[in-house]
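Chain by chain, the residues run as shown.
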Amino acid sequence: MLMTDPAGFSILDILSEKPSDITELSEKLSADIDKTGETLTALEKSGYIYNKENVYYINKNSFKELSCKIEKYCADEEEEIYQLDTKKALSEHFFAKRENGFSYAPFEREIAFYESVRSGSLETVKTLFTPLGGEGFGVLCSDELRNLKYHLVISIAMITRFCINGGMTPEEAYSMSDVYIRKTDNCRSHKEINEVHYEMVVAFTKEMRRIRNKCIYSRTVVHMIDYISEHLHEKILITDIAKAVKCSVPYLSRIFHAETGMPVSTYITQKKIEAAANMIQFSNCSALEISNYLHFSSQSYFIKQFKNIIGMTPKEYRNKYYSVGWLTSKIKKEG
């Protein structure tokens, strides 16, 4: 009765200030004495008040218990209203997206992107990189610039945690995160946001590549691998690597083969094919376009090398892996 009868609450409120008889209570409530009497009887039965010589008093212990019940009742009611409002907002949000034909970016592509950052695969990162705010990005704020900033902060947070999982120390990862979040906050245009986004992704990827390679190879070989990774889309000659690393060709050939177990040319081809496999899986580029982009001498040579390394032709690989989740189908990458 108390949870639904306003008169019961009003009587308790009056009696909490001053004990009163039925006449005083009726006058203060502007109610009929009989009706007031019915409410008083119900309150007495519930133990919230007691009658002494026709004067009604609050039962303090029972009143405290009632207060807790009222507080919980109100909290439950507020929670129910909150849930209803949330469900309504979600329904409206889903409806609007269906009406506008909106769909989020494929989950497997997003995870493959973060995985490529963690593994230090710069060419794969460039293949999967998508500017913020394009197709598949949700609207987190009505203000376009702030919406991009929110997405960039989310991207920084995700990459930070993937890199920690991949071996970067939390101190270094969070320090880089702080730097790029501050840069994000200072952005004043879409162009600046996109520049910070690309800079951040490349910086984390290069650092992860450095972390992975420094424990395996000498500094010279690490520099060679870095050069190769950053020039996969070009024709790479060992003479160009030698100029960049500032060592002789014979010395580089010898030390690279000793540490990696393969000639420089074989390593370059392998990394180009791994990049091609990611492009086949996550893009609509044709074999010819990929062959030209990665600077193979001909499409037939590209297809031959792809089959030698992957075990199937580019067409067979696309038929098997295109639009298939990375969790069940991604190829093993060395980084």
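The following paragraphs examine the structure supplied in this document. Remember, predicted model here, so these are calculated numbers, not experimental data.

Things to note about helix α15 (residues 299-310)
- Taking 1.5 Å of rise per residue, 12 residues should cover 16 Å, and α15 covers 16 Å from first to last C-alpha, within 8% of that figure.
- The complete set of buried residues in α15 reads Phe-302, Gln-305 and Phe-306. Taken around the axis of α15, the buried residues stretch over an arc of 105°, which confines them to a single face. Every exposed residue of α15 that faces more than 90 degrees away from the buried side is listed here: Ser-300, Lys-304 and Asn-308.
- In this structure, the buried side of α15 is in contact with α13 (264-282), α14 (287-293) and α16 (314-321).
- A positive backbone phi angle near 100° is found at Gly-311, which sits one or two residues after α15.

Thoughts on the packing of helix α7 (residues 144-165) against helix α8 (residues 170-186)
- At a minimum axis separation of 9 Å, α7 and α8 run at an interaxial angle of 170°. In this view, α7 runs roughly antiparallel relative to α8, as classed from their interaxial angle. For the pair formed by α7 and α8, the contact residues are Lys-149, Leu-152, Val-153, Ile-156, Thr-160, Arg-161 and Ile-164 on the first element and Pro-170, Ala-173, Tyr-174, Ser-177, Tyr-180, Ile-181, Thr-184 and Asp-185 on the second.
- Residue composition of the contact of α7 with α8, by class: 9 nonpolar, 3 polar and 3 charged.

A few points about a nonpolar patch on the surface
- A surface patch of nonpolar side chains, about 350 Å² in accessible area, is lined by Leu-140, Tyr-150, Ile-154 and Met-158.
- Tracing the backbone through its elements, the reader meets Leu-140 in the loop between α6 (122-128) and α7.

Let's talk about the packing of helix α9 (residues 190-214) against helix α10 (residues 219-230)
- Packing of α9 against α10 leaves a shortest axis separation of 10 Å and a crossing angle of 145°. Crossing hand, α9 versus α10: right-handed. Of α10, the residues touching α9 (which contributes Lys-206, Arg-209, Asn-213 and Lys-214) are Val-222, Ile-225, Asp-226, Ser-229 and Glu-230.

Thoughts on the side chain of Thr-184
- Relative to the helices and strands, Thr-184 is located in helix α8.
- Beyond its immediate stretch of four places on either side in the chain, Thr-184 contacts Lys-149, Leu-152, Val-153, Ile-156, Ile-193 and Val-196.

Description of helix α12 (residues 249-260)
- For α12, built from 12 residues, the straight-helix expectation of 16 Å at 1.5 Å per residue is met to within 8% by its first-to-last C-alpha distance of 16 Å.
- Turning to α12, its buried residues number three or more, namely Leu-252, Ile-255, Phe-256 and Thr-260. Buried residues of α12 fall within an arc of 110° about the axis and therefore sit on the same side. Away from its buried face by more than 90 degrees, α12 exposes Pro-250, Arg-254 and Ala-258.
- Buried positions along α12 lie against α10, α11 (238-245) and α13.
- Put simply, Ser-248 is the residue that caps the front of α12, since its side-chain oxygen is 3.3 Å from the backbone nitrogen of Tyr-251.
- Where α12 ends, the next residue or the one after it, Gly-261, has phi of about 85°, a positive value.

Focus on the packing of aromatic side chains
- Considering all chains together, one arrives at 10 aromatic pairs under this definition.
- Arranged with centres 5.2 Å apart and planes meeting at 85°, the rings of Phe-129 and Tyr-198 form a pair that is edge-to-face. Here Phe-129 is found in the loop between α6 and α7, whereas its partner Tyr-198 is found in helix α9, with 69 residues between them in sequence.
- For Phe-129, a relative accessible area of 17% translates into the label buried.
- Counting every residue linked through ring pairs, the aromatic cluster contains Phe-113, Tyr-114, Phe-129, Phe-162 and Tyr-198.

Quick notes on the pattern of salt bridges
- Within the structure shown, the criterion is met by 9 salt bridges.
- Here Arg-210 ties to Glu-207 by a salt bridge, and the two come within 2.3 Å at their closest N and O atoms. Here Glu-207 and Arg-210 lie together in helix α9, a separation of 3 residues that amounts to about one turn.
- Residue Asp-226 is joined to Arg-209 by a salt bridge in which the shortest nitrogen-to-oxygen separation is 2.7 Å. Pair noted here: Asp-226 is in helix α10 and Arg-209 is in helix α9, with a separation of 17 residues, a long-range link.
- Residue class for Asp-226 comes out buried when judged on its relative accessible area of 19%.
- Each of the salt bridges in this network shares a partner with another, and the network as a whole consists of Lys-206, Arg-209, Asp-226 and Glu-230.

Cut-off values and rules
- Residues numbered from 1 in each chain as written.
- Predicted model: local features only at pLDDT ≥ 70, side-chain atom pairs only at ≥ 80, totals over all residues.
- Heavy atoms only, no water.
- Helix = DSSP H or I, 4+ residues; strand = E, 2+ residues; numbered from the N terminus.
- Expected span 1.5 Å × (residues − 1).
- Buried < 20%, exposed > 50% of the residue type's maximum accessible area, 1.4 Å probe, protein only.
- Arc of directions from axis to C-beta.
- Contact = heavy atoms within 4.5 Å.
- Axes fitted to C-alpha atoms, helices over the stretch in contact; angles between N-to-C directions.
- Parallel < 35°, antiparallel > 145°, perpendicular 65-115°, else oblique.
- Nonpolar A, V, L, I, M, F, W, Y, C, P; charged D, E, K, R; others polar.
- Patch = residues over 30% accessible without salt bridge, like charges linked within 9 Å, V, L, I, M, F, W, Y side chains within 5 Å.
- Areas by Shrake-Rupley, 256 points an atom, 1.4 Å probe, with all protein chains shown as cover.
- Salt bridge = Lys/Arg side-chain N within 4 Å of Asp/Glu carboxyl O.
- Left-handed = near helix turned anticlockwise from the far one by under 90°.
- Polar contact = N/O pair within 3.5 Å; in protein donor to acceptor, adjacent residues only side chain to side chain.
- Phe/Tyr/Trp six-rings, centres within 6.5 Å; stacked < 30°, edge-to-face > 60°.

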